[in-house]
Amino acid sequence: QVQLVESGGGLVQAGGSLRLSCAASGRTFYTMGWFRQAPGKERELVAAMFWSGGSTYYADSVKGRFTISRDNAKNTVYLQMNSLKLEDTAVYYCAAGPPHHLSSSSGYNYWGQGTQVTVSS
């Protein structure tokens, strides 16, 4: 059974940091992505990477502040979020799929349940 389980969300003040985790199990994954969806907005891809490593992708809105990484031994992908802003408030989702262009938000066929990140002033 394929599972992606996110954790690490919460309430943080603007300028603070959080690290989201996505524990993956059930099969071999190739492309891993972190998405977010704020109330009234469309879901957007914020970061992506190949499970094998190498290239990464970041949305312009998070570039320089967020870092995607993975720990092969733990089968876990992380999203380190620094210098958080009010506009980063959203539900964050981990997603996985077959190999595809990292900047593409389509092609993901496995999703986690989401974790809430709330940034306060």
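Computed from a predicted model, the values in this text were never measured in an experiment. (Residues numbered from 1 in each chain as written. Predicted model: local features only at pLDDT ≥ 70, side-chain atom pairs only at ≥ 80, totals over all residues. Heavy atoms only, no water.)

1. Describing the pattern of salt bridges
As a reminder of what qualifies: When a carboxyl oxygen of Asp or Glu is within 4 Å of a side-chain nitrogen of Lys or Arg, the pair counts as a salt bridge. Helix and strand definitions here come from DSSP, where helices need a minimum of 4 consecutive H or I residues and strands a minimum of 2 consecutive E residues; each element is numbered from the N-terminal end. Between buried and exposed lies partly exposed: a residue is buried under 20% and exposed over 50% of the maximum accessible area for its type, with that area taken using a 1.4 Å probe on protein chains only.
What the rule picks out here adds up to 4 salt bridges. Ionic pairing is found between R36 and D88, a salt bridge with its closest N-O pair at 2.8 Å. Here the residue R36 occupies a position in strand 4 (residues 31-37), and D88 occupies one in the loop between strand 8 (76-81) and strand 9 (90-97), the gap between them amounting to 52 residues. Residue R36 is classed as buried on the basis of its relative accessible area, which comes to 6%. Residue class for D88 comes out buried when judged on its relative accessible area of 0%. Among the charged side chains, a network of salt bridges with common partners joins R36, E44, R65 and D88.

2. With respect to the pairing of strand 8
Keep this limit in mind: The pairing criterion is simple: DSSP has to find at least two bridges between the two strands.
For strand 8, a buried count of 5 out of 6 residues is recorded, marking the element as mostly surrounded by other parts of the structure. As defined by bridge partners, strand 3 (residues 18-25) adjoins strand 8 across 6 bridges and the pair is classed as antiparallel. Its bridge partner lying in strand 8, L20 is registered against L79. Taken together, strand 7 (residues 66-71) and the strand that follows it, strand 8, pair antiparallel across an intervening segment of 4 residues, in which N75 is found at a positive phi of about 50°.

3. With respect to the sheet that holds strand 8
Formally: Axis geometry follows a simple rule: fit a line to the C-alpha atoms, using only the stretch in contact for helices, then measure angles between N-to-C directions, giving values from 0 to 180 degrees.
Spatially, the 4 strands line up as an open sheet ordered 1-3-8-7, and their pairing is antiparallel. In this open sheet, the two edge strands, each paired with only one partner strand, are strand 1 (3-7) and strand 7. Each strand axis lies, on average, 15° off the axis of its neighbour in the sheet, ignoring direction.

4. Thoughts on the nonpolar core
Rules: Nine residue types can take part in a nonpolar core, namely buried Ala, Val, Leu, Ile, Met, Phe, Trp, Tyr and Cys, and a core is a set of them joined through side-chain atoms within 4.5 Å.
Of all hydrophobic cores here, the largest spans 29 residues; its most connected members are L4, M32, W34, I68, L79, M81 and Y92. Judged by nonpolar contacts, the second largest core, of 7 residues, contains L45, A48, A95 and Y108.

5. Comments concerning the packing of aromatic side chains
A ring pair, where both rings are aromatic, is described by two values, the distance of the centres and the angle of the planes. Stated formally: Working definition: a ring pair exists when centres of Phe, Tyr or Trp rings (six-membered ring for Trp) sit within 6.5 Å. Plane angles under 30 degrees give stacked, over 60 give edge-to-face, the rest tilted.
All chains considered together, the criterion is met by 4 aromatic pairs. With 5.1 Å between their ring centres and 90° between their planes, F35 and Y108 make a pair best called edge-to-face. Taken together, the positions of F35 in strand 4 and Y108 in the loop between strand 9 and strand 10 (110-111) put the pair 73 residues apart, joining distant regions of the chain. For the pair shown, F35 and Y108 are each scored as buried. Here the aromatic cluster, defined as three or more aromatic residues joined through ring pairs, consists of F35, Y108 and W111.

Bear in mind that shape data such as this cannot, by itself, settle questions of function.
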